[in-house]
Amino acid sequence: MVSLKSAVLAASYMVACIAVEIKVASSGGNATSGHQYGFLHEDINNSGDGGIYAELIRNRAFQFSPRYPVSLDGYRSVNDAVLTLKNLSDPLSDALPTSMNVAAGKACGIVGFLNEGFWGIDVKKQKYTGSFWVKGSYEGVFTASLQSNLTAHVFGTVEIESKASPNEWVEHEFELVPTMDAPNSNNTFALTFNPEGAADGSLDFNLISLFPPTYKGRKNGLRIDIAEALEELHPSVLRFPGGNMLEGDNNQSRWNWKDTLGPLRNRPGFQGVWGYQQTHGLGLMEYLEWAEDMNLEIAVGVWAGLALNGDITPQDKLQPFIDDALDQIEFIRGPADSKWGSRRAELGHREPFKLHYVEIGNEDWLAGGEAGWQSYQDYRFPMFQAAISAAYPDMQIIASGASSDGYEIPAPAIGDYHPYREPDQLVTEFNRFDNDVAHIVGEVAATHPNGGIGWDGDLQPFPWWIGTVGEAVSMIGYERNADRIPGVFYAPVLRNMNRWQWAVTILQFAADPAMTTRSTSWYVWELFARHAMSHTLPATSDSAFGPLYYVAGANEAAGSFIWKGAVYNTTDSADVPVSVAFEGVKAGTKAALTIITNPGGDPYGYNDPHTGVNIVDHTTYIIVSNSEGVFEFDMPELSVAVLDTDPKSATNCNKKRSTATRRRSSGSMTGI
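None of these values were measured; they are calculated from a predicted model. (Residues numbered from 1 in each chain as written. Predicted model: local features only at pLDDT ≥ 70, side-chain atom pairs only at ≥ 80, totals over all residues. Heavy atoms only, no water.)

Draft legend 1. The sheet that holds strand β8 (residues 141–148), seen in detail. A sheet is described by the order of its strands in space; here five strands give the open sequence β3-β6-β11-β8-β9, paired in antiparallel fashion. Lying at the two open borders of the sheet, with one neighbouring strand each, are β3 (75–78) and β9 (154–161). Within this sheet the neighbouring strands show an average axis-to-axis angle of 20°, counted without direction. Note: β3 against strand β6 (residues 111–115), four bridges, orientation antiparallel. The residue bridging Arg-76 from the neighbouring strand is Leu-114, located in β6. (Pairing = 2+ DSSP bridges. Helix = DSSP H or I, 4+ residues; strand = E, 2+ residues; numbered from the N terminus. Axes fitted to C-alpha atoms, helices over the stretch in contact; angles between N-to-C directions.)

What follows is the structure, given as structure tokens:
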């Protein structure tokens, strides 16, 4: 369906064939920038458990909550073993009270259990590290193996000598190295034992864990292929623990950072808000180490007294949660001799983490309706702001609302804007922050097709081409206002193709790493973040914005000028001739020009994890300025481009994802 607004926009773009001449001054613009590209992470779409958190065992500790009862989800018996969940009088821990009893029953011979992982387990010839806790008398060996779920093939196996005791829980650790790669990810993990060696023919198990190699080799760490795909985006900042996950379903089930610390046996898990129980395996320390390993700034959210069901914390009961937020900040950046800094040091990180951004709550204009939003403005945000500012005067505090919500954001705090939009709407908001106070754009993505029916309609199945170009236009608008937009965050980031609640994400994945798919949006966000500007520069043209939108600036560290542009919806498939003149650039100057297009031309085309088809053409050329020092090139319909006068920037592009196409230029042009 095409909306009337879309038709009006299309009519206004008929001037696409007119050349756009742009002149960029060598000074001026925003004195400071700090503009960063990043992403928000919360455990939606099984993006934490079963996603970037590398644990392979599903339901490893039988964690539960009022909304999600304890279950044997993910488990099957071996040789008709009887699997029974029990709450023993002597549990593994108060945090993990439920364990699984494995009994021989009427079976003869070896018994045990299988775990199906998160919709399969990828098996390669590499070292897997595992552990499990056992209670009960047993003389013999345990056998851990990775095996096909389709055939009888066992890819790797290891025997673990029993240390089991009838009087206490004992952890058993092992390493398992398969002898061959599995042909697919439809595999299981098995743990078996001989019941004749057990005093009563049964044993109790809990916290069964298996990890592949992890990103940066971190224990309890991140899945390598997903982490590397995010690292390749050149992000600068990580916002966590996400939005709705921070708020919780009610005031008793909020994301409690203190529950996420320390040994896994002491982490009770969390009543997640996206349809499943969460383990808290990916806890506060893991998030901080993630940021450290990718050299990311941190934007941490603290709970602000409002839950998704509309529970509002009264003013006279809010102080304990303010104290909790101060504890959290101290844990992250406090000295090692402070109360919570010493707790961080005990967990292996004596030096403080860097933290300059703290957000108070999440989307407080939404949950709780008018009453929730009013309480945020009347007392919840002011109380948090006063306490945090007093303790940390250098902290940039972020309010969980925007000026467009009718909120007069109290300086020096900044707002948080969340535009999930149709592509046309993102383009219309190109100048949204030209005359506004400072914000982060804490969540942004094109989600619905033009002319759709908003939140009553379905999201697109994946990021799609015209949506990606719409995002590029909005991102250019944010970067033009980089002095007041310190960060822009794509959200949500990850989607497990076996279970999701939100379809539009920048990366898709499954158990099989071959399914890890960089969306159309991934390529634009990667390009813009790779060519970072230290400050913007004034750019003028006789042509109005549309269909070409652009921003110019400089990278002082590289000594280069940068121009970023996007052509949105030219209707007649005509190229847009562009000339860019940077003040002071001489004739014969080389520059890297990267142009991203969808050669197939379908504005609704997307990168499909199931087929592996990538519709994005991503090509970098070296071009040379003409006799007047001007760079001239054409941009196709629905395309995105970056021009960088540092030719070495071309060597940083991912060449294996580039394919050559022809572009017109009045100077010389060489594809790489």
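Draft legend 2. Just the packing of aromatic side chains, in detail. Counting across every chain of the model gives 41 aromatic pairs. Between the aromatic rings of Tyr-417 and Phe-433, the centroid separation amounts to 5.5 Å while the plane-to-plane angle is 85°, which identifies the pairing as edge-to-face. Of this pair, Tyr-417 sits in the loop between β17 (415–416) and β18 (420–421) while Phe-433 sits in the loop between α8 (423–428) and β19 (439–446), and the two are 16 residues apart along the sequence. Residue class for Phe-433 comes out buried when judged on its relative accessible area of 1%. In textbook terms, an aromatic cluster arises when at least three aromatic residues are bridged by ring pairs, as seen for Phe-62, Tyr-75, Phe-113, Phe-132, Tyr-138, Phe-142, Phe-174, Phe-189, Phe-193 and Phe-205. One residue, Arg-58, lies across the ring of Trp-119, its end atom 5.3 Å from the ring centre. The positively charged end of Arg-432 is found above the aromatic ring belonging to Tyr-417, 4.5 Å away from the centroid. (Phe/Tyr/Trp six-rings, centres within 6.5 Å; stacked < 30°, edge-to-face > 60°. Buried < 20%, exposed > 50% of the residue type's maximum accessible area, 1.4 Å probe, protein only. Lys NZ or Arg CZ within 6 Å of the ring centre and 35° of its normal.)

Draft legend 3. Fine view of the sheet that holds strand β23 (residues 517–518). An order of β21-β22-β23 is seen for the three strands of this open sheet, with the pairing classed as mixed. Only two strands of the sheet have a single neighbouring strand rather than two, namely β21 (494–496) and β23. As paired strands, strand β22 (residues 507–509) and β23 are joined by two bridges and run antiparallel to one another. Paired with Gln-508 across the bridge in β23 is Thr-517. Packing against the sheet, helix α2 (residues 224–231) makes contact with β21, β22 and β23, and its axis sits at approximately 170° to β22. (Contact = heavy atoms within 4.5 Å.)

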